[in-house]
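# Structural overview
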Amino acid sequence: MVKVLQQILRWLFMRIENLFNVAFGDKMNPFYHLGTISFWQFWLLVGSGIYLYIFADTGVHDAFESVERITHTQWWAGGILRSIHRYATDGMILTMLLHMLRHFAYDRYRGFRSFSWLTGVALLWLIYIAGVNGFMLVWDKLAQFVVIAAAEWFDVLPIFNGTLIRNFLYLESVNSRLFTLLAFIHLGAPLIVAFIMWVHVQRVPRAHINPPRPIAIAVTLTFLALALVKPILSQGGEADMSVVPSNIDFDWFELPVLALVYVINPLHLWYWVLGLTAVLFLTPWLPPKRRGFALARTSITFHPDHKAVSARFGETLLDAGLRQDIDLPYECRNGGCGVCKCTVLQGRVDPGLYQPSALSTAELAQGKVLLCCATALEDVEIEYQASTAPRKFREYQARVVNMQKLTHDVMQVHLKLPEGERIDFKAGQYINIILEDGQRRAFSFANPPQQAEFVELQIRLMPGGRFTTHVFERMQEGDQIRFEGPIGDFTLRESGRPIVFVAGATGFAPVKSMVEDAFQRGLKRQIHLYWGVRSLKDLYLPDLPARWAREHANFHFIPVLSDPTPEDAWTGRTGLVHEAILEDFPELKQHEIYACGSVRMVEAIFPFLKQHGAEDGACFSDAFSVSARSMAFQPRQG
């Protein structure tokens, strides 16, 4: 029964939302902003309510007269705001009901979302209570009906047993203390509503509480137009207990329950209201949703971040990522715009429900889904398009504290940050040295992140290179260096796969950073480092990886010389570095490949490695974009 009802509602919502997409565009579709529109209407009714309270009185006869003065004497302010106050309340009830109905239709109210559903039900009833209470403060004939109907309805309860209605049998029975109580309720209820609204959005990652500005303006202008065309006015004059109210315009948004008091048995009406409330509160568990083959908790690895996060059953990829501080692209969060389109690289997902205009059948067949709709059924790997907007990096000033020539063309440089300063970076990232004219030269961190008070660089002399020539010929200890960073996404991915590092020339710098970081963090994954150079003189710091291999059973060092000289007396591996890898690993599936070096090297080796099982989703480089999962281009050092 529930599934059939959901299917019918989904069918309706999908078609209505599609029409609204055509009319307003997916970014301004009000159905995608029902929650924030409800928030905006709450701000409107609070703002207008504060103004009205300033000029309203709470005496028996003063209440009606003060409302009339507000409405007619200052119609241009108080009169308009009174109408906006009523229309905003009606509108808020309408959008909240649609919001809840939509979440029910799309099955987004179970599991961890049940908390938001329960607070939503509580909010709806609180708005009803505050709204009904507001009618009483006007003290016109409609207020008289509301007060008497509410008293008769509550009087059927054993706790009251007919005592409430006695306060409204005669006009003399009503006193100013009643209005003080009503005003207290009318002020207190919105405060509780505001608090629960804040609680309501706490489990929604990066929740918005205001709609897009055009929608907010449109809603406000709509209420303003209604206030001018059909202003809210008092009905039938001041309340008179000796006369039965008749010919009153009824507000069916806020008063439907009171209308039923005189249609069905009031006690039965209580059964219906309490029963409906109980059903609404229990809805997330009626009937229990079965996971089937889906896991209760899954791991989602996002690329290009290489960051793994956990996702709860039924949680969208977008919510899981945002909840754990990944800056994923999104706009509508409802499957209408397509901004959050991504690619499933590994694992199974449920694509969820979305507008066909946001994701075509062909795209779905290619493994694309929408982050805001798809949920993981098992551990998955997802690639999304990171923002291409220029990013401003922090600038640092550092001092050269040590220079050591490692080989004829490689200089080790240590930069010391000012006392008390640190640079927080990830192993594998790089910095841009800023030259006097603003040009930049990129060099990878060679030290691990745990040593954040200084920066180690391994700089290779480039023939004709402006900066590298300066390093080798003129730079001295004590020189000041200006740089920006950290930059780049070439970092070690969190997984359990064996790692194969391929380093060429000074590509050893980021490898050194990542390997030392892995040791510091206690990673036990198998690590193989293949370092390819031309001859033995190009192999700088060879004792360091050899020591790593002795001290760590999970680390293996394989230097490869492509053109050793007789003087080298080399007895180790020779040839091209990728050939050595394939001799040791004829099947590279389920391995991660990290290539660090020149663009030419990466271009040469990756096609061969992929022919032997290396997956696109597991090949990474700090040189240039070689696949859908490779990192961003790192400027060539010079």
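About the criteria used
Residues numbered from 1 in each chain as written. Predicted model: local features only at pLDDT ≥ 70, side-chain atom pairs only at ≥ 80, totals over all residues. Heavy atoms only, no water. Core = buried A, V, L, I, M, F, W, Y, C linked by side-chain atoms within 4.5 Å. Buried < 20%, exposed > 50% of the residue type's maximum accessible area, 1.4 Å probe, protein only. Helix = DSSP H or I, 4+ residues; strand = E, 2+ residues; numbered from the N terminus. Pairing = 2+ DSSP bridges. Axes fitted to C-alpha atoms, helices over the stretch in contact; angles between N-to-C directions. Salt bridge = Lys/Arg side-chain N within 4 Å of Asp/Glu carboxyl O. Contact = heavy atoms within 4.5 Å. Phe/Tyr/Trp six-rings, centres within 6.5 Å; stacked < 30°, edge-to-face > 60°. Lys NZ or Arg CZ within 6 Å of the ring centre and 35° of its normal. Arc of directions from axis to C-beta. Parallel < 35°, antiparallel > 145°, perpendicular 65-115°, else oblique. Left-handed = near helix turned anticlockwise from the far one by under 90°. Nonpolar A, V, L, I, M, F, W, Y, C, P; charged D, E, K, R; others polar.

Attention now moves to the nonpolar core. Within the largest apolar cluster, 39 residues are counted, with the highest numbers of intra-cluster contacts made by Met-92, Trp-117, Val-193, Met-197 and Phe-223. Broken down by secondary-structure element, the contributors of at least two residues to this core are α1 (2–24), α2 (34–55), α4 (75–105), α5 (114–138), α7 (176–200) and α8 (213–229). At 10 residues, the largest contribution of residues to this core is made by α4. Grouped together as the second largest cluster of nonpolar side chains are 32 residues, Phe-64, Phe-145, Phe-168 and Met-241 included.

With that out of the way, let us pick up the sheet that holds strand β2 (residues 307–312). Note on sheets: strands pair through backbone hydrogen bonds, and any given pair is parallel or antiparallel. As summarised here, the arrangement of the five strands in space is β2-β1-β7-β3-β5, forming an open sheet in which the pairing is mixed. Only two strands of the sheet have a single neighbouring strand rather than two, namely β2 and β5 (368–370). When strand polarity is set aside, the average angle formed by the axes of neighbouring strands in this sheet is 40°. Sheet analysis places strand β3 (residues 341–346) next to β5, joined by three bridges and oriented antiparallel. Bridged to Thr-343 within β5 is Lys-368.

The next point concerns the pattern of salt bridges. Tallying each qualifying case throughout the model produces 28 salt bridges. One salt bridge in this structure joins Lys-512 and Glu-456, with 2.9 Å as the shortest N-O distance. Linking Lys-512 in helix α14 (residues 508–520) with Glu-456 in strand β12 (residues 454–460), this pair joins segments that are 56 residues apart in sequence. Judged by relative accessible area, Lys-512 falls into the buried class, the value being 6%. Judged by its relative accessible area of 4%, Glu-456 is buried. In this structure, Arg-573 engages Glu-583 in a salt bridge whose closest nitrogen and oxygen atoms are separated by 3.3 Å. Note that Arg-573 is positioned in strand β17 (residues 573–574) and Glu-583 in helix α16 (residues 577–584), a separation of 10 residues in sequence. The exposure class assigned to Arg-573 is partly exposed, which follows from its relative accessible area of 25%. When salt bridges with common partners are traced through the structure, they connect Glu-381, Arg-493, Arg-525 and Glu-592 into a single cluster.

Taking strand neighbours across the sheet as the criterion, the six strands line up as β11-β10-β13-β8-β9-β12 in an open arrangement whose pairing is antiparallel. Only two strands of the sheet have a single partner each, and these edge strands are β11 (440–444) and β12. Strand-to-strand twist in this sheet, taken as the mean axis angle between neighbours without regard to direction, amounts to 40°. Across seven bridges, the pairing between strand β8 (residues 395–407) and strand β9 (residues 410–416) is antiparallel. Counterpart to Val-400 in the pairing with β9 is Leu-415. Contacts from helix α13 (residues 466–473) reach β8, β9, β10 (430–434), β11 and β12, with the element oriented near 105° to β12. Where α14 meets the sheet, its contacts fall on β11 and β12, and the angle it forms with β12 comes to roughly 150°.

Moving on to the pairing of β8. As paired strands, β8 and strand β13 (residues 480–487) are joined by five bridges and run antiparallel to one another. Residue pairing in the sheet places Glu-395 in a bridge with Glu-484 of β13. The turn linking β8 back onto β9 is made up of two residues.

Following the criterion strictly, the structure yields 34 aromatic pairs and no others. Aromatic pair Phe-519 and Trp-548: ring centres 6.0 Å apart, planes at 75°, arrangement edge-to-face. A residue pair is termed long-range when its members are at least 10 positions apart, and Phe-519 in helix α14 and Trp-548 in helix α15 (residues 543–551) qualify at 29 residues. With respect to class, Phe-519 is no different from Trp-548; both count as buried. In textbook terms, an aromatic cluster arises when at least three aromatic residues are bridged by ring pairs, as seen for Phe-508, Phe-519, Trp-531, Tyr-540, Trp-548, Phe-555 and Phe-557. The ring of Phe-115 carries the charged tip of Arg-203 above its face, separated from the ring centre by 4.4 Å.

Take the environment of Val-410 next. Mapped onto the fold, Val-410 is located in strand β9. If near-sequence neighbours (up to four positions away) are discounted, Val-410 is found in contact with Gln-404, Lys-405, Gln-458, Ile-459, Arg-460, Phe-472, Thr-506 and Tyr-540.

Let us look at α15. Those residues of α15 that fall on the buried side of the exposure criterion are Leu-544, Pro-545 and Trp-548. The buried residues of α15 occupy one face: seen down the axis, they fall within an arc of 95°. Exposed residues lying more than 90 degrees from the buried face of α15 are Asp-543 and Arg-550. Lining the buried residues of α15 we find α14, β15 (527–533) and β16 (555–561).

This part covers the packing of α2 against α4. Running from N to C, α2 and α4 point in directions that differ by 155°, and their axes come no closer than 8 Å. Classed by the angle they form, the pair α2 and α4 counts as roughly antiparallel. Like other packed secondary-structure pairs, α2 and α4 cross with a definite hand, here left-handed. Here the contact of α2 with α4 is composed, by residue class, of 13 nonpolar, 11 polar and two charged.

Before going further, it helps to examine unusual backbone geometry. Cis rather than trans, the peptide bond between Leu-286 and Pro-287 has omega equal to -20°. Among the structural elements, Pro-287 can be located in the loop between α10 (266–282) and β1 (297–303). Along the chain, Gly-485 connects to Pro-486 via a cis peptide bond; the corresponding omega equals -5°. One non-glycine residue, Asp-325, lies in positive phi territory at about 65°. Of note, Asp-325 is situated in the loop between α11 (317–323) and β3.

Take the side chain of Thr-89 next. Mapped onto the secondary structure, Thr-89 falls in helix α4. Not counting residues within four places of it along the chain, the set of residues in contact with Thr-89 comprises Leu-45, Ile-127, Gly-131 and Glu-254.

A word on the side chain of Gln-74. With respect to the helices, strands and loops of the structure, Gln-74 is situated in the loop between α3 (60–73) and α4. Of the residues examined, Gln-74 reaches a relative accessible area of 13% and is grouped as buried. Residues within four places of Gln-74 in sequence aside, it is in contact with Tyr-51, Phe-55, Arg-69 and Gly-79.

A few words on the environment of Leu-353. The topology assignment puts Leu-353 in the loop between β4 (349–350) and α12 (361–365). Note: C-alpha distance between Leu-353 and Leu-370 (17 residues apart in sequence) is 9.3 Å. What Leu-353 contacts, discounting residues up to four positions off in sequence, is Arg-10, Tyr-106, Arg-108 and Cys-373.

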